[in-house]
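Remarks on the overall topology
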Amino acid sequence: MKDRMKSYSQALWISIGSMIILLFPLIVSQYYQQLGCVAGVYAILVLGYDFILGRAGQFSLGHIAFFGIGAYTSALLSVNWSVPFWLALPAAALASSLFGLFIGVPVLRLRGPYLAIATLGFAEIVRLILSRWDRVTRGVDGIAGIKAPTIGPLIFDNTVSFYYIILFFLVLMIFIAERIHRGKYGRLLMAIRENELAAEVMGIDTSKGKIMAFVLSALYAGVAGSLYAHLFSYISPETFDIEHAIVILYMLIIGGSGSTAGAILGAVLLTFLPEWLRFLKDYYLLLYGIGIILMMIFMPYGIIGLIRQLRLQVFSNH
Amino acid sequence: MVLLFLFVTMIATGAFAVNTIRIGFIVPLTTANALIGWGMQHGAALAVKEINEAGGIKGVNIELLSEDNADTNAIAVNALHKVSASKPVALILGSTSSQTMAMSPIIQKAKIPTLIEGSSPKLTDHGNPWFFQPRVTDEFAAIAATRYVVQHLKKTKIGVFHAAEEFGLSTAPVIVKTLEELNLKPVAVVSAPSSDKDVSAQLLQIKNAGADAVIAWVLPAPGVLLARQMKQLKINVPLMANPIFAMPQVLKLMTPEDRADVYSVTDTVPDQDTDPAAQDFVKRYKERTGIMPDLLAAISYDSVKLLAKVIREVGTGPEAIQKALREGKGYRGVANTYTFDEKGRGAWRVMVVDVSGAGLKVLTTVSR
Amino acid sequence: MQHLGQMLANGLAMGCIYALVALGFVLVYRAVAVINFAQGEFVMISAFFGVMAATLLRLPLALSYFVVFLAMAAFGFIIQRLTYYPLRGKPHLTVVICTVGLHIVLKNGARLLWGPYPLSFPSFFRREPMEVMGILIVPQTLFIIGVTGSLFFLFYLFFKKTMMGYMMQATAQDPEAARLMGIRVDRIIALTFVLNSLLAGAAGLLLGPIFLVTTDMGGAVLIKAFCATIIGGFGSVPGAVVGGVFLGIVEILAAGYVSTFFKDGLAFGVIILILLLAPQGIFGEKVAERA
């Protein structure tokens with residue numbers, strides 16, 4: 001009886017949650033619609049980051065570069081050759097994945113801080129190329145006039161309609177992620193994260209595993225990048241710098257790494273939070289930093305980690 | 001529970017209790033560029049205060065909706081959306097060109113007359129009919145600066161030093177082109193990222209090339225270092241730069257040795273303007289903030305006053321405001337006299353100042 | 001040739017400063033396996049303390065330096081107590097994120113406290129360059145090289161020749177064993193942070209007079225410190241020093257002879273090359289496995 005009640009109430013919460021998410025853009029102002037869109041894009045991005053940082057346990061700081069590669073690929077295809085969004089996006093995902101492969105193979109041999117610095121360096125170099133290679137990337141001017149997606153006569157160029165496109169892709173990417181994590185490959189990544197040496201001894205090809213994780217994360221970033229470019233219809237290199245790389249790191253850690261819900265939660269929270277805290281004006285960043293420190297002291301496994309801990313305690317009390 | 005509460009607040013969109021005329025004001029408040037945003041804020045706020053104290057616009061007060069753009073595209077766009085929810089009649093933007101460009105498509109769609117304080121010519125080149133630029137473009141200023149160095153200082157071997165960021169990268173070619181028009185070529189063109197503390201390598205290149213003058217387009221802090229390191233390397237030639245050396249807070253950091261033989265091209269030097277309105281502005285700004293106003297504070301002040309004048313004449317309709325701005329001629333502000341052309345560029349006079357003395361000396365004025 | 005000499009002198013000075021910061025950085029890493037992302041801010045804070053001491057309190061310059069050292073020691077201790085201490089034993093990633101948070105707090109706290117405008121730091125010496133063997137050197141440059149050289153020597157004596165130094169080395173190698181030997185590990189770790197703070201502090205005081213003091217000067221310093229440690233071999237103490245000097249010189253030569261355009265990318269390019277080809281740097285231990 002209790003079990004049935006529990007599953008009923010779960011179903012109820014899920015239904016309400018889904019309704020809210022589906023109807024969200026229709027009831028709020030354009031300001032919040034935009035935030036919803038941005039949150040969705042970053043959710044996909046951070047979900048990808050989870051593959052390499054959360055699940056495979058490799059300290060990569062270069063994820064933002066794949067975001068940039070995806071965004072610029074999609075943007076250039078759209079602006080230079082009028083490639084429609086539905087082709088540009090997969091192209092962007094492919095481009096990012098290829099870079100993920102090229103960079104991953106040499107770099108993933110490194111561990112810990114060396115990997116972090118190498119990937120950080122890679123991200124910086126990508127940003128510099130985006131800023132300086134004027135002929136191709138338009139340099140610091142950025143790329144304007146990126147075309148909105150169309151399906152037949154419908155043009156998705158306002159925040160409400162674009163929200164649904166982002167939502168579609170988010171659901172798709174979550175689905176794919178969950179399939180992967182629950183499958184053999186997911187367990188392989190966990191083994192690598194927990195103890196890479198032991199995994200190798202057990203016969204797991206850890207290099208291949210890590211590279212796959214890296215490529216997957218790059219693929220997700222490519223998708224997110226394309227969505228970002230078409231959402232804003234303008235991109236410039238400054239969106240893909242180290243400051244932003246740190247933000248997506250926070251999103252994953254605060255949400256809870258190694259968890260799909262955590263990745264999404266972190267992305268959504270850290271998109272909305274700066275806006276809610278606008279009233280703090282000058283003091284906003286200072287409090288943000290203090291918040292991070294406190295969170296690390298009291299909630300080192302992120303919000304999802306905390307929830308899991310609480311759940312365990314509740315269960316153990318029964 | 002918490003989520004539900006937050007959700008409800010999201011639905012409640014901006015319902016304004018009091019009837020005001022709202023002007024959006026998006027500037028950097030929390031980053032390194034807060035330096036610039038601070039002055040802009042005070043200039044605008046002073047103008048709003050004066051207007052409201054004199055009875056507002058036909059009895060209605062002006063309200064400045066100011067939001068931080070955090071020097072980031074996405075946050076600037078968020079700020080724009082937030083401000084738009086309150087239906088402003090106009091916007092004033094104090095952002096870098098990257099953020100302004102990110103906001104452009106939205107502004108164009110929403111049809112809000114916007115005054116931009118950026119100096120990049122690209123901002124009014126890309127065809128947004130709602131953008132108006134009351135700031136002298138880098139292009140115009142750079143041409144004036146180059147011509148002065150060649151024609152008045154009689155220098156022929158120019159070394160060009162520019163910031164590795166957007167405004168530097170786009171202005172360097174303008175300087176080179178102007179030199180070509182005067183039948184000259186630069187002897188060296190070097191660049192440095194603004195975070196670079198040591199530019200001796202770049203300066204040595206210029207020295208090696210035998211330059212007899214340096215034209216620089218950089219940010220304030222690197223500019224001071226540049227002036228200083230030039231003297232340290234015994235490159236004792238004139239240094240001409242963008243408005244940075246005419247800014248009061250930058251001058252404070254320089255010793256008389258640093259300032260020797262240094263020039264700047266600037267929209268205006270507020271305290272040297274003999275116009276009583278300008279003098280008045282300087283006085284009241286000093287009372288309010290304790291320091292001298294800089295160029296951007298003056299332009300913010302002018303922007304608010306200009307908008308007020310236009311609204312007083314034609315009301316708050318966006319098309320009417322846009323038309324009035326486009327067709328108006330010679331609005332005399334404290335930073336400049338504005339006449340907007342079909343691209344939206346409105347400021348066409350710069351001053352060349354000699355910074356080496358105790359005060360700034362205006363050498364000449366260059367108008368279109 | 002004259003220009004080469006000039007560039008070498010400047011490069012050496014900058015390199016020495018990078019080396020100071022990198023040294024502190026490596027000490028912290030060796031002691032607690034933490035990458036201190038807030039390292040640049042220690043340098044920045046010390047420069048601001050210096051400005052305050054010299055201009056606000058109007059202390060004579062030498063006394064200001066001394067006061068700042070005391071302040072930085074205290075500062076290092078307090079920061080360590082508030083942020084590292086509660087996190088000891090937690091996963092590395094957690095602590096690293098915490099240092100990133102600290103970086104944000106210090107940077108913005110400084111901006112709120114001291115304002116966004118750059119400040120000027122008074123110098124011991126005149127700005128006039130002297131001519132030494134045909135090279136123009138500003139006295140401050142020689143001062144930097146002299147001071148950092150002495151500091152490295154003093155540090156070497158401390159680390160290798162004193163009891164404290166031995167205890168630090170032991171703690172870094174194996175904290176458990178050190179504890180069993182009766183070493184107060186917590187105290188040694190606190191000492192490490194204080195030492196780091198002093199080294200970064202010295203760098204700040206040396207940088208201050210040549211450049212302007214701004215709240216965002218920490219960022220560039222941090223990246224250079226990273227590079228220096230990688231070049232020298234991450235985790236190696238002499239490596240940090242050699243790496244720093246190497247970086248300073250290579251940077252300026254590249255800017256002078258190759259291209260000013262890519263000077264900032266150069267540092268990263270070098271790191272990546274080293275990491276891919278010879279990740280152990282000049283002195284370091286093996287860090288990558290064969291695929």
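The following paragraphs examine the structure supplied in this document. (Residues numbered from 1 in each chain as written. Chains lettered and ligands numbered in written order. Predicted model: local features only at pLDDT ≥ 70, side-chain atom pairs only at ≥ 80, totals over all residues.)

Before going further, it helps to examine the overall build of chain A. Helix and strand content of chain A: 14 helices and four strands. Since a compact globule built from 318 residues should have a radius of gyration of about 20 Å, the 20 Å found for chain A is in line with a globular shape. A total of 318 residues make up chain A; the buried ones form 54% of that total. Look at the contacts in chain A between residues 6 or more apart in sequence, and 79% of them connect residues 24 or more apart. (Helix = DSSP H or I, 4+ residues; strand = E, 2+ residues; numbered from the N terminus. Rg over C-alpha atoms; globule rule 2.2 N^0.38 Å. Buried ≥ 20, exposed ≤ 12 C-beta atoms within 10 Å, placed from the backbone. Contact = placed C-beta atoms within 7 Å.)

Right, let's talk about the overall build of chain B for a bit. Regarding its fold elements, chain B presents 13 helices and 14 strands. Expected size for 368 residues packed as a compact globule is a radius of gyration near 21 Å; at 21 Å, chain B falls within 12% of this value. Projected onto its principal axes, the C-alpha coordinates of chain B cover approximately 65 × 50 × 40 Å. For chain B, the proportion of its 368 residues judged to be buried stands at 60%.

It is worth spelling out the sheet that holds strand S5 (residues 131-132) of chain B at this point. Residues and elements named next belong to chain B. Across the sheet, five strands lie side by side as S2-S1-S3-S4-S5; this open sheet has parallel pairing. The sheet is open, and its two edges are formed by strand S2 (62-68) and S5, each paired on a single side. Where strand S1 (residues 21-27) and S2 come together, seven bridges link them in parallel fashion. Note that in S2 the partner of Phe25 across the bridge is Ser66. (Pairing = 2+ DSSP bridges.)

At the interface, 34 residues of chain C touch 30 residues of chain A. Counting residues per element, the ones that place at least two in the side of chain C that touches chain A are helix H4 (92-114), helix H9 (217-232) and helix H11 (263-277) of chain C. With 12 residues, the single largest contributor to the side of chain C that touches chain A is H4 of chain C.

Next up on the list: the interface of chain B and chain C. In this assembly, 30 residues from chain B lie in contact with 27 residues from chain C. Listing elements by their share of the side of chain B that touches chain C, those giving two or more residues are helix H2 (34-53), strand S7 (188-192), helix H7 (200-208) and helix H8 (220-232) of chain B. Classifying every residue of the side of chain B that touches chain C by side-chain character gives 15 nonpolar, eight polar and seven charged. (Nonpolar A, V, L, I, M, F, W, Y, C, P; charged D, E, K, R; others polar.)

All right, on to the environment of Leu93 of chain B then. Residue and element names in this part refer to chain B. Mapped onto the secondary structure, Leu93 falls in strand S3 (residues 90-93). For the pair Leu93 and Lys154, spaced 61 residues apart in the sequence, the C-alpha separation amounts to 38 Å. Leave out the neighbours within four places in its chain, and Leu93 touches Ile26, Thr100, Met103, Thr114, Ile116 and Glu117.

No statement about biological role is implied by the geometric values presented.
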